[in-house]
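One-letter residues, chain by chain:
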Amino acid sequence: MRLAIAASTMDSEPLLTKLLNTPSLNIVGISHPDPSVRQNLEHEASIPTAPSLTALRDDVDVQAVVLAPGYSPNDTRGEDASISIPCATFLSSGNTRFVFDLLSDTKEPGANSQVLLPSLYRQPYAVLRESLDSERVGSARFLRWTSWWPQPVAVHDLLLNELVAVLSLMGQAPVIAYGVTHSIATDADDYLIATLTFEHGLTAALDIGAALAGGHPFNRVMLVGANGSIHTDSRASSVTHLSKNTASPVDMADPLDAHVHAVEAFTSGATAPNDLALNALRTSDAILNSCASARPVQIPTSSP
């Protein structure tokens, strides 16, 4: 599959380099608004670059477009709105309306697009998924999910992708959301704590946002199941399984690898089901509404 990448002014060069160096991917062009970045990419990869997707499409034959994290949905409402090729996007709450357009049954550009979910391809999700699939801990009862990022990022730009992993692990959509936000590294809200309540009292607690100044990326999870629990974090060298009081080694992958694996999954047709993405969108909206109102919010159920 001939892929183009649409990147933003955020620090996307490390991810672009990884994608370009992945042998299984056929990257034929990149759009980026920064001319110096385009010059570096052309030198490294010897492929066409352009300031916009529209300009890039005029130069290369593309079958699908990958929107890098941070890419603004406004870009596709401007000169790129005329794109008629298939389009894949990483989920981000900042792109909520755009992603919903991609998934909805409309005539708008990208209506038949697929959605890439990086959280399903990185640690610690894989550790918990394997524990559930192997029935090591039984069905999920409680999940604590912590994801700290090193750079100041608005919480709505992180929330949706994390929710995809949480809802997938819990195995159902929540019914009530309650969230609060505050600022750590910036004047804007860049830290969020949320509680999700599911049917029969199942609960998930999310802790998402910017690490303290000078901090490093950090993920931590605790999954309590019907007959055991799993505990791990991104700085640990092992996973602790409390029901048997044992520990087993865990290889912690580079977070950027998750984005590469998600793109590889897209090219092979192994993307996640749309209902998971839509449930994450509904839950994200409910959490943000709760933060604004300081009240619990009922999450609407999916349409039959």
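Every value quoted in this text rests on a predicted model; they were computed, and no experiment measured them. (Residues numbered from 1 in each chain as written. Predicted model: local features only at pLDDT ≥ 70, side-chain atom pairs only at ≥ 80, totals over all residues. Heavy atoms only, no water.)

### Overview of the overall build of the protein
Consideration 1: Along the protein, the regular secondary structure elements total 9 helices and 15 strands.
Consideration 2: For the protein, buried positions account for 48% of its 304 residues.
Consideration 3: A separation threshold of at least 6 residues defines the contact pool for the protein, and within that pool the share at least 24 residues apart is 63%. (Helix = DSSP H or I, 4+ residues; strand = E, 2+ residues; numbered from the N terminus. Buried < 20%, exposed > 50% of the residue type's maximum accessible area, 1.4 Å probe, protein only. Contact = heavy atoms within 4.5 Å.)

### Comments concerning the pairing of strand S10 (residues 203–210)
Consideration 1: Counting buried positions along S10 gives 6 out of 8 residues, so the element sits mostly inside the fold.
Consideration 2: Relative to S10, strand S7 (residues 140–149) is paired through 8 bridges, and the arrangement is parallel. From the neighbouring strand, Trp 145 faces S10, where its bridge partner is Leu 206.
Consideration 3: Joining the antiparallel neighbours strand S9 (residues 191–197) and S10 is a turn of 5 residues, in which His 200 adopts a positive phi near 65°. (Pairing = 2+ DSSP bridges.)

### Quick notes on the side chain of Arg 38
Consideration 1: Assignment of secondary structure puts Arg 38 in helix H2 (residues 35–45).
Consideration 2: One buried charge, Arg 38, has no salt-bridge partner; the nearest side chain with opposite charge is Glu 42, at 6.0 Å.
Consideration 3: Of note is the side chain of Arg 38, whose polar atom sits 3.4 Å from the backbone oxygen of Pro 33. (Lys, Arg positive; Asp, Glu negative; His and termini not counted. Salt bridge = Lys/Arg side-chain N within 4 Å of Asp/Glu carboxyl O. Polar contact = N/O pair within 3.5 Å; in protein donor to acceptor, adjacent residues only side chain to side chain.)

### Considering H2
Consideration 1: Within H2, burial applies to Val 37, Arg 38 and Leu 41. In a view along the axis of H2, the buried residues occupy a sector of 100°, so they form one face of it. Across H2 from its buried face, at more than 90 degrees, point the exposed residues Pro 35, Gln 39 and His 43.
Consideration 2: Among the structural elements, helix H1 (13–20), strand S2 (26–31) and strand S3 (49–50) are those in contact with the buried residues of H2.
Consideration 3: Immediately beyond the C-terminal end of H2, within one or two residues, lies Ser 46, with a positive phi of roughly 55°. (Arc of directions from axis to C-beta.)

### What to know about a nonpolar patch on the surface
Consideration 1: There is a patch of nonpolar side chains on the surface, built from Tyr 178, Val 180 and Ile 193 and spanning about 230 Å² of accessible area.
Consideration 2: Using a relative accessible area of 40% as the deciding quantity, one classes Ile 193 as partly exposed. (Patch = residues over 30% accessible without salt bridge, like charges linked within 9 Å, V, L, I, M, F, W, Y side chains within 5 Å. Areas by Shrake-Rupley, 256 points an atom, 1.4 Å probe, with all protein chains shown as cover.)

### Structural notes on the packing of H1 against H2
Consideration 1: Look at H1 against H2: their axes get within 12 Å of each other, and the N-to-C directions meet at 20°. Taken together, the axis directions place H1 and H2 in an arrangement best described as roughly parallel. When you trace H1 past H2, the crossing you get is right-handed. Between H1 and H2, the contacting residues are Glu 13, Leu 16, Thr 17 and Leu 20 on the first element and Val 37, Asn 40, Leu 41, Glu 44 and Ala 45 on the second.
Consideration 2: When grouped by side-chain class, the residues that make up the contact of H1 with H2 number 5 nonpolar, 2 polar and 2 charged. (Axes fitted to C-alpha atoms, helices over the stretch in contact; angles between N-to-C directions. Parallel < 35°, antiparallel > 145°, perpendicular 65-115°, else oblique. Left-handed = near helix turned anticlockwise from the far one by under 90°. Nonpolar A, V, L, I, M, F, W, Y, C, P; charged D, E, K, R; others polar.)

### With respect to the environment of Leu 169
Consideration 1: Inspection of the secondary structure puts Leu 169 in helix H7 (residues 156–170).
Consideration 2: In sequence terms Leu 169 and Leu 120 are 49 residues apart; their C-alpha atoms lie 9.8 Å from each other.
Consideration 3: If near-sequence neighbours (up to four positions away) are discounted, Leu 169 is found in contact with Tyr 125, Leu 128, Arg 129, Leu 132, Ala 140, Leu 143 and Trp 145.

### Some points on helix H6 (residues 125–133)
In an α-helix, one turn spans 3.6 residues; hence positions three or four apart end up facing the same way.
Consideration 1: When we look at burial in H6, the residues that qualify are Tyr 125, Val 127, Leu 128, Ser 131 and Leu 132. Considered in projection along H6, the buried side chains sweep an arc of 165° and stay on one side of the axis.
Consideration 2: With its phi angle positive at about 60°, Glu 135 sits one or two positions after the end of H6.

### So, the nonpolar core
Consideration 1: Membership of the largest hydrophobic core comes to 41 residues, with the highest contact counts inside it found for Leu 143, Val 166 and Leu 196.
Consideration 2: Among the elements that line this core, the one with the most residues is H7, at 10 residues.
Consideration 3: Among all residues touching Val 166, those that are not within four sequence positions of it are Leu 143, Trp 145, Leu 196, Ala 204 and Leu 206.
Consideration 4: Counting residues in hydrophobic clusters, the runner-up holds 20 residues, among them Leu 19, Leu 116, Val 260 and Phe 266. (Core = buried A, V, L, I, M, F, W, Y, C linked by side-chain atoms within 4.5 Å.)

### Looking at the confidence of the model for the protein
Consideration 1: Of all residues in the protein, 68% attain a pLDDT of 70 or more, and the chain-wide mean is 76.
Consideration 2: Highest mean pLDDT in the protein belongs to strand S15 (residues 297–298) (96); lowest belongs to helix H4 (residues 74–77) (44).
Consideration 3: Low pLDDT, under 50, characterises residues 73–83; the stretch is placed with 23 contacts to residues that sit more than four places away or in other chains.
Consideration 4: With pLDDT under 50 throughout, residues 92–112 is counted as low confidence; its partners more than four residues away or in other chains account for 50 contacts. (pLDDT = per-residue confidence, 0-100.)

### A few points about the pairing of S9
Two faces make up the sheet, and in a regular strand the side chains alternate between them.
Consideration 1: In terms of strand pairing, strand S8 (residues 176–182) meets S9 through 7 bridges, oriented antiparallel. Opposite Tyr 178, over in S9, you have Thr 195 as the bridge partner.
Consideration 2: Here 7 bridges tie S9 to S10, and the two strands are oriented antiparallel to one another. Along S10, the bridge assignment pairs Ala 194 with Leu 206.

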